[in-house]
Amino acid sequence: FCKALTQRELVPPGWEFTLPTEAQWEYACRAGTTTKHFWGNDINPKLANYKGSGLKKTRAVGSYRPNAWGFFDMHGNVREWTANWYGSYPSGIVNDPVGPASGSSRVTRGGSWGSVQTDLRYAKRFPYTPSGRNYIIGFRVGFQSSK
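Since this is a predicted model, take the numbers as computed values, not measurements.

Visitor: Describe the nonpolar core, and please don't skip the residues or the numbers.
Guide: Trp25, Ala28, Cys29, Phe38, Trp39, Ile43, Leu47, Ala48, Tyr50, Met74, Leu120 and Tyr122 together form the largest nonpolar core, which totals 12 residues. For Tyr122, the contacting residues outside a window of four places in its chain are Trp25, Glu26, Cys29, Arg30, Thr33, Thr35, Lys36, His37, Phe38, His75 and Arg109. Formed by five residues, the second largest nonpolar core is a distinct cluster that contains Trp81, Trp113, Tyr128 and Ile136.

What follows is the structure in structure tokens.
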């Protein structure tokens, strides 16, 4: 999708649409906060779409308030694909990790409308095979230099 979008849209030379890396996704979701969710440590159906909301379906983007940087629905609604292959984190403190170079599953983040509340935390990761399809998985497009 991102490759086709880059070819279709007028983008500056050397730029492309892409999935965010796992680190980029978490950074954008946190929006400078240190709590479990961008709004704090609690959760209820007025803050996100998850299993406890009882809706049992995806809601339109923007149904819940955005984080401080203007990103909507990063906790719940649908899990979001990232560009990373699923693997163990390296030991110690790592700044902007890129993950393994290959694998059998990609990382999805954010939880979904079918997730329990603890699965909506920033740091929760889910492996999913790239060829898989599921009504609880979506994606968020990023834009970056291809150089």
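Visitor: So what's going on with unusual backbone geometry? Which residues, and what values?
Guide: Phi is positive for Ala31, which is not a glycine, with a value near 50°. One non-glycine residue with positive phi stands out, namely Asp96, at about 55°. The residue Asp96 is located in the loop between strand S2 (79–85) and strand S3 (106–109) in this model.

Visitor: Describe the layout of surface pockets, with residues and values.
Guide: Within this model, the largest pocket holds a volume of roughly 460 Å³. If you go around the largest pocket, you meet 18 residues; those closest to its centre are Phe1, Cys2, Leu19, Trp81 and Phe139. At the level of secondary structure, the elements contributing two or more residues to the lining of the largest pocket comprise helix H1 (2–8), strand S1 (15–18) and S2. Of the residues belonging to the lining of the largest pocket, the class tally is nine nonpolar, five polar and four charged. In this structure, the second largest pocket spans a volume of roughly 400 Å³. Lining the second largest pocket are 23 residues, and of these Ala23, Glu26, Val94, Asp96 and Pro97 sit closest to its centre. The set of elements that each furnish at least two residues to the lining of the second largest pocket consists of helix H2 (22–30) and S2. Looking at which element gives the most residues to the lining of the second largest pocket, the answer is H2, with six residues. Split by residue class, the lining of the second largest pocket holds 10 nonpolar, seven polar and six charged.

Visitor: Break down the sheet that holds S3 for me, with residues and values.
Guide: If you walk across this open sheet you meet the four strands as S4-S3-S2-S5, and the pairing is mixed. If you trace the sheet from one side to the other, it starts and ends with strand S4 (125–128) and strand S5 (137–138), each paired once. In the sheet, S2 pairs with S3 via three bridges, with the strands oriented antiparallel. Residue Glu80 lies in a different strand from S3, and its bridge partner there is Arg109.

Rules behind the numbers
Residues numbered from 1 in each chain as written. Predicted model: local features only at pLDDT ≥ 70, side-chain atom pairs only at ≥ 80, totals over all residues. Heavy atoms only, no water. Core = buried A, V, L, I, M, F, W, Y, C linked by side-chain atoms within 4.5 Å. Buried < 20%, exposed > 50% of the residue type's maximum accessible area, 1.4 Å probe, protein only. Contact = heavy atoms within 4.5 Å. Helix = DSSP H or I, 4+ residues; strand = E, 2+ residues; numbered from the N terminus. 1 Å grid on protein atoms, 1.4 Å probe; cavity = no way out; pocket = protein on both sides within 12 Å on 5 of 7 lines; lining within 4 Å. Points joined across faces, edges and corners; volume = space filled by probe spheres on them. Nonpolar A, V, L, I, M, F, W, Y, C, P; charged D, E, K, R; others polar. Pairing = 2+ DSSP bridges.

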